[in-house]
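Observations on the model geometry
Here is what each chain is made of, one letter per residue.
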Amino acid sequence: MNHFDDAREFIAGGVNSPVRAFAGVGGEPVFMKSAKGAWLHTEDGRELIDYIGSWGPMILGHCHPAVIDAVTTTAQNSLSFGAPCVLETRMARKIHELMPQMEKLRMVSSGTEATMSAIRLARGHTGRDKIIKFEGCYHGHSDSLLIKAGSGALTLGVPSSPGVPAGLAEHTITLSFNDTDAVRSAFNELGEQIACVILEPIAGNMNMVPGDVEFLQMLRDECTRTGTILIFDEVMTGFRVAKGGAQAVYGIAPDLTTLGKIVGGGMPAAAFGGRAEIMSSIAPDGPVYQAGTLSGNPVAMAAGLATLENIDVDGFYEDLSAKTRQLVDGLKGAADDASVPMAVEQEGGMFGFVFTDDDKVRRFDQVAGADIERFRHFFHGMLDAGVYLAPSAFEAGFVSAAHGDAEIERTVTAAREVMKGL
Ligand code: HOZ
């Protein structure tokens, strides 16, 4: 049986999220059956070392006993109340503890919902319409944000999607990532018409591209000067690059933060929050409407809380960072020995690699101009060798606490062989 043909009969494109279709690398997607620790088990009987981790959430590895226990215990009580439960408060308190800037927050069900709601809140709170985002940053697929976006949109070559009304798109100003001059000009021209600036402080949807600290500090200063709300989209980097997210790495506090992925521990949960004064504009305290039937779902809260409790232990991020560094150094060494030009990045448990002559990648055009064909060959070579990387040159990679020396050494050995043929 061909699972992809079967899926395409009833599912649009055969997948429920475009990048999974392998359009960025060619060939057919692999169908997963189960997963444990750092390993995926496929429907066709293969075992693969997983460097996607469900696109970030599985920081403890798949089926971590504490998470499975929390989910199964909670599910015995209820799958959903649609009414408040104390797990939601415990979750909010834990997030605040790990990210003190999130004085108040709201739980939602996906990263898209979190960023969409944060944008509405910023507009409603400031009474301004315009927003600034950056080329190659991806903030989910709501209308205002699907303009020159990254991730699957970039993979498929449709970074600005049809279906976004021009009247709405004209309020979204898209600038080059890490381009301080472009931001200064936009603020000089539009100043107090700008409701918010949203960005991934470490972009993870155009491969991995860290923001320069000077760039982020300039955004902070300009936003403070003009009363603009600074939103850090930490759906990917939250609890991934450090316990306190990218805002802790840089020591720069945004006004609002969006979270997803790890905060749900593999279940659909996300959050947005920040300064209490801004959050007081959300209904029922204030006039900006936002709601959700499954928001704060108890099973999702249980999975997320168990995950956050297990990352909040001494040495967790030191270990995660060291093993991710080991992987990245191994990949870079393999590329160097094969004379394949490649730039690498790593922060905490997140990594990226780009086939480029540039030593460092800091701008979207460097990723867009990289050797995508070489990435495709590398991806398939690694897959054949039992290593599952993101099927797109525009995505980042993730290491979990369950990855050990054995997995990393096996990955680097595979990379050495594959690089020889690139
Ligand atoms: N946009 C997600 C990664 N940046 C991919 C989501 C998915 O395919 O699950």
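What comes next concerns the included structure. Everything numeric in this text was worked out from a predicted model, so none of it was measured.

A count of helical and extended segments in the protein chain gives 15 helices and 16 strands. By the compact-globule yardstick of 22 Å for 422 residues, the protein chain fits well, its C-alpha radius of gyration being 21 Å. Counting only C-alpha atoms and orienting by the principal axes, one finds that the protein chain spans roughly 55 × 55 × 50 Å. Within the protein chain, the proportion of its 422 residues that are buried is 57%. For the protein chain, the proportion of contacts with a sequence separation of at least 24, taken over those separated by at least 6, is 72%. Per element, the accessible surface of the protein chain, about 17000 Å² overall, is 51% carbon and sulfur. Looking at charge distribution, the protein chain has the averaged site of its 34 positive side-chain charges lying 2 Å from that of its 53 negative ones.

To continue, consider the sheet that holds strand β14 (residues 350-354). In space, the three strands of this open sheet follow the order β13-β14-β16, with antiparallel pairing throughout. Two strands close off the open sheet at either side, each with one partner strand: β13 (343-347) and β16 (397-398). The pairing of β14 with β16 spans two bridges and is antiparallel. Residue pairing across strands places Met350 opposite Phe398, the latter belonging to β16. Contacts between helix α12 (residues 316-337) and the sheet are confined to β13 and β14, with β13 contributing the most and set at about 175 degrees to the helix.

Moving on, we come to helix α7 (residues 180-190). Of all the residues in α7, the buried ones are Val183, Ala186, Phe187 and Leu190. Considered in projection along α7, the buried side chains sweep an arc of 95 degrees and stay on one side of the axis. Structural note: α7 exposes Asp181, Asn188 and Glu189 on the side pointing more than 90 degrees away from its buried face. For α7, the capping residue at the N-terminal end is Asp179, with a side-chain oxygen 3.2 Å from the backbone nitrogen of Asp181. Once α7 ends, the next one or two residues include Gly191, with phi positive near 30 degrees.

Across three bridges, strand β2 (residues 39-42) lies against strand β3 (residues 47-50) in antiparallel orientation. Bridge pairing in β3 places His41 opposite Glu47. Adjacent in sequence and paired antiparallel, β2 and β3 are bridged by four residues, among which Gly45 carries a positive phi angle near 85 degrees. Strand direction decides the pairing type here: β3 and strand β15 (residues 387-388), joined by two bridges, are parallel. Residue pairing in the sheet places Ile49 in a bridge with Val387 of β15.

A word on the packing of aromatic side chains. The full count for this structure, using the stated rule, is eleven aromatic pairs. Between Tyr51 and Phe351, the ring centres sit 6.0 Å apart and the planes meet at 85 degrees, which makes this aromatic pair edge-to-face. With Tyr51 in the loop between β3 and α2 (65-77) and Phe351 in strand β14, this pair connects stretches of sequence that are 300 residues apart. Comparing Tyr51 with Phe351 shows no difference in burial state: the two are buried. Ring centres of Phe353 and Phe375 lie 6.0 Å apart, and the angle between their planes is 35 degrees; this geometry places the pair in the tilted category. Taken together, the residues span a long stretch of sequence, with Phe353 in strand β14 and Phe375 in helix α14 (residues 372-384) at a distance of 22 residues. For Phe375, a relative accessible area of 5% translates into the label buried.

Take the nonpolar core next. Residues Ile95, Phe134, Leu219, Phe239, Phe353 and Phe378 are the most contacted members of the largest nonpolar core, which totals 114 residues. A per-element tally of this core places helix α11 (residues 298-311) first, with nine residues. Those residues in contact with Leu219 that sit more than four places away from it in its chain are Phe134, Val183, Val197, Leu199 and Leu230. Val108, Ala118, Leu121 and Phe272 belong to the second-largest nonpolar core, a separate cluster that totals 19 residues.

Reading across the sheet, the four strands line up as β1-β2-β3-β15 and stay open at both edges, with mixed pairing between neighbours. Of all the strands in the sheet, the pair left with one neighbour each is β1 (32-36) and β15. Running at roughly 100 degrees to β3, helix α15 (residues 405-420) makes contact with β2, β3 and β15 of the sheet.

Moving on: the packing of helix α3 (residues 86-98) against α11. Interhelical geometry of α3 versus α11 gives an angle of 30 degrees and a closest axis separation of 9 Å. By the angle class used here, α3 and α11 are roughly parallel. Crossing angle aside, the handedness with which α3 passes α11 is left-handed. The segment α3 lies against α11, with Leu87, Glu88, Arg90, Met91, Lys94, Ile95 and Leu98 engaging Pro298, Met301, Ala302, Gly304, Leu305, Leu308 and Glu309.

The next point concerns the pattern of salt bridges. Counted under the stated rule, the structure contains 19 salt bridges. Across the pair Glu97 and Lys94 runs a salt bridge, and its minimum N-O distance is 3.1 Å. On the criterion of helical spacing, the pair formed by Glu97 and Lys94 is a turn pair, its members being three residues apart in helix α3. Overall, Lys94 belongs to the buried group, its relative accessible area being 10%. As a salt-bridge pair, Arg220 and Asp255 come within 3.1 Å of each other at their nearest N and O atoms. One end of the pair, Arg220, is in helix α8 (residues 213-226); the other, Asp255, is in the loop between α9 (245-250) and β11 (256-259), with 35 residues separating them in the sequence. The pair Arg220 / Asp255 is uniform in exposure class, with both members buried.

Criteria and cut-off values
- Residues numbered from 1 in each chain as written.
- Predicted model: local features only at pLDDT ≥ 70, side-chain atom pairs only at ≥ 80, totals over all residues.
- Heavy atoms only, no water.
- Helix = DSSP H or I, 4+ residues; strand = E, 2+ residues; numbered from the N terminus.
- Rg over C-alpha atoms; globule rule 2.2 N^0.38 Å.
- Buried < 20%, exposed > 50% of the residue type's maximum accessible area, 1.4 Å probe, protein only.
- Contact = heavy atoms within 4.5 Å.
- Areas by Shrake-Rupley, 256 points an atom, 1.4 Å probe, with all protein chains shown as cover.
- Lys, Arg positive; Asp, Glu negative; His and termini not counted.
- Charge placed at Lys NZ, Arg CZ, Asp CG, Glu CD.
- Pairing = 2+ DSSP bridges.
- Axes fitted to C-alpha atoms, helices over the stretch in contact; angles between N-to-C directions.
- Arc of directions from axis to C-beta.
- Polar contact = N/O pair within 3.5 Å; in protein donor to acceptor, adjacent residues only side chain to side chain.
- Phe/Tyr/Trp six-rings, centres within 6.5 Å; stacked < 30°, edge-to-face > 60°.
- Core = buried A, V, L, I, M, F, W, Y, C linked by side-chain atoms within 4.5 Å.
- Parallel < 35°, antiparallel > 145°, perpendicular 65-115°, else oblique.
- Left-handed = near helix turned anticlockwise from the far one by under 90°.
- Salt bridge = Lys/Arg side-chain N within 4 Å of Asp/Glu carboxyl O.

Any functional reading would require information that these geometric values do not contain.
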